[in-house]
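# Residue-level structural notes
As a plain string of letters, each chain reads:
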Amino acid sequence: MAKTKEDVVEAMFKMVKEAQGQKKLKPMDLTKAMIELYGDEGVDKQMCKDAIKELINSGRCVYTYYGGSYIEIPHQEGAAN
Amino acid sequence: MADLPNTPKLDELEKGKWPSFVKEIKMAAKKSPMAADLLGQLEQSYNEKIGHWKHGGIVGVMGYGGGVIGRYSDLPDKWPNISHFHTMRINQPAGWFYTSEALRKICDIWEKRGSGLTNMHGSTGDIILLGTTTDQLEPTFSDLQNINFDIGGSGSDLRTPSCCCGMARCEWACYDTMALTYDLTMHYQDELHRPAFPYKFKFKMAGCPNDCVASIARSDLSIIGIWRDEIQMDKAAVKEYADKGMDIQHDVVDRCPGKCMEWDGKELKIENSYCKKCMHCINVMPKALRPGKDRGACLLLGSKAPIIEGAMLSSVIVPFVKLEPPYDDIKELIDNIWDVWCEEGKNRERVGEFIQRVGMGNFLDAIGLEPVAEMVAHPRENPYVFYGEDEE
Ligand code: HEM
Ligand code: HEM
Ligand code: SF4
Ligand code: SF4
């Protein structure tokens, strides 16, 4: 069954949430994982790009920077204390 | 002056005839407690020979992944006014042309929202606003948007494109650097604000091989203006230089790296097919010589400053391309390069390092370019000539 952008948004959010505190994920990690899982169901790079945009614009996820750029759940950072 | 911290070491840097950042920070400190604490912490660092900044990784403005660089003092109790000291990069206008009115507005915003300290401009080309707190980031962003300024790039994204002043001021510009910079900036807004690359990626546009923005050393994709016909010559002006005492043989001909010039005391000849487009002769005799009429740009790929690997210069990937709006062919090439690098590049691997790792031959294959002789970076290096199995 064809996946929609909304399905990808939810699947990505779940991945980020499960990885939080364990492993930092880059946008390309999310994209590759989604295409691996749902490539047969119509998920392509553009849909992943749009899904990431949605995650960030809604505020459910934020970009972070630790040498390279990552996507995480918003949180208070240690350095701010 | 309000009570500034005691800074004998920094004070040394106010001496001499040259500009002094200490003088400037002290001036700002009359109004800004952040600037005053900055002086204090810096003096302490000079005494102890250690830095007292911590990196932040999460601060930014809603929707953007770049343009804000988080910094915190690790001595917030001693220097409370700089416990947060974030930097904002602001996208500069192409060629750095401003009205004084626009500059005043930026400064007013920053005196209200931040330390008041600016750096015009950073090595990325952006306007750098130094030092603010997390709660001031969004208000600053909306103030800037009200005067039609936007935040620039940082992190693993497209960095703010930057160019020389080109045709606005310089007769040597072989293409309109400012137009291309503006066009690419607007076309690649997502790539600028939403980091999706393995690491940073920079474009710099220089109008001619003098490369006033040092694109060949400082950008992943250097777009350098060039001509492919003959250097234009005004023979009477050449003679005038000679009559006025210029030693054309010594100062021009002998220094031509293409060894393609001849001077018999009366007439200057150039064998243009050997010209390396170095600009030397044109720079020395600007009234007599100028770039040819068939103008465009040479695209070079791969430079970066030393971090893990050493410094690299860009090397030729497209020897000549006409650069005219809507710039479709260059955008197609850029998209192809990003596709391959994003797919295969390792975390924090610049495109130049990526090419070193996979090999130029494989890279050209992947982005769909034919190898040509101009791509040879050094004589006797792999000339990227490949023979298929069936040709052997
Ligand atoms: C059948 C005869 C010859 C063959 C197959 C041959 C082959 C080559 C090759 C493959 C190179 C390297 C080119 C490069 O990658 O830069 C070379 C360079 C050179 N050869 Fe020959 N060669 C021959 C005869 C000669 C003779 C007779 C001389 C001198 C009398 C000579 C002098 C040189 C020199 C000086 C270079 C270096 C040129 C440079 O500065 O790049 N070769 N040769
Ligand atoms: C068993 C015999 C030979 C061996 C193993 C040998 C090996 C080599 C090697 C390894 C190089 C360096 C290639 C490079 O730049 O990467 C070289 C260069 C050269 N050889 Fe030989 N060589 C032999 C015989 C000869 C003979 C008989 C001549 C001349 C009559 C000759 C002329 C040259 C020249 C001119 C170069 C320089 C090419 C250049 O500048 O690029 N070689 N040789
Ligand atoms: S790079 Fe060339 S065109 Fe641009 S300002 Fe410098 S000399 Fe002029
Ligand atoms: S531009 Fe450089 S290589 Fe070309 S003719 Fe002038 S000095 Fe020689």
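Let us look at the structure shown here. Please read all numbers here as calculations on a predicted model, not as lab measurements. (Residues numbered from 1 in each chain as written. Chains lettered and ligands numbered in written order. Predicted model: local features only at pLDDT ≥ 70, side-chain atom pairs only at ≥ 80, totals over all residues. Heavy atoms only, no water.)

When helices and strands are tallied, chain A shows three helices and two strands. When the backbone C-alpha atoms are referred to their principal axes, chain A occupies close to 45 × 20 × 20 Å. For chain A, the residues scored as buried account for 42% of the 81 residues in total. Looking at chain A alone, contacts between residues at least 24 apart form 53% of all its contacts between residues at least 6 apart. Carbon and sulfur atoms make up 52% of the accessible area of chain A, which totals about 4,400 Å². (Helix = DSSP H or I, 4+ residues; strand = E, 2+ residues; numbered from the N terminus. Buried < 20%, exposed > 50% of the residue type's maximum accessible area, 1.4 Å probe, protein only. Contact = heavy atoms within 4.5 Å. Areas by Shrake-Rupley, 256 points an atom, 1.4 Å probe, with all protein chains shown as cover.)

A separate point is the sheet that holds strand 6 (residues 127-130) of chain B. All names here are of chain B. Spatially, the four strands line up as an open sheet ordered 2-4-6-5, and their pairing is antiparallel. Either end of the sheet is taken by a strand with one partner, and the two such strands are strand 2 (68-69) and strand 5 (117-120). Relative to strand 6, strand 5 runs antiparallel, the two being bridged by four bridges. Bridge pairing in strand 6 places leucine 117 opposite leucine 130. With respect to the sheet, helix 4 (residues 100-113) is in contact with strand 4 (87-90), strand 5 and strand 6, its orientation differing from that of strand 6 by roughly 20 degrees. (Pairing = 2+ DSSP bridges. Axes fitted to C-alpha atoms, helices over the stretch in contact; angles between N-to-C directions.)

Here we come to the pattern of salt bridges. Within the structure shown, the criterion is met by 27 salt bridges over all chains. Glutamate 14 of chain B is paired through a salt bridge with lysine 26 of chain B; the nearest N and O atoms lie 2.7 Å apart. Linking glutamate 14 of chain B in the loop between helix 1 (8-12) and helix 2 (21-29) with lysine 26 of chain B in helix 2, this pair joins segments that are 12 residues apart in sequence. Lysine 26 of chain B sits in the buried class, given a relative accessible area of 14%. One salt-bridge network, held together by shared partners, links Lys45 of chain A together with Asp339 and Glu343 of chain B. (Salt bridge = Lys/Arg side-chain N within 4 Å of Asp/Glu carboxyl O.)

Let us look at the nonpolar core. All names here are of chain B. Membership of the largest hydrophobic core comes to 39 residues, with the highest contact counts inside it found for Phe201, Phe203, Ile223 and Phe363. The greatest single-element share of this core, amounting to eight residues, is contributed by helix 12 (residues 328-344). Ignoring anything within four residues of it in the chain, the contact list for phenylalanine 201 reads Asp157, Leu158, Arg159, Asp220, Leu221, Leu301, Ile337, Trp338, Trp341 and Val351. Formed by 24 residues, the second largest nonpolar core is a distinct cluster that contains Cys174, Ile248, Ile282 and Met285. (Core = buried A, V, L, I, M, F, W, Y, C linked by side-chain atoms within 4.5 Å.)

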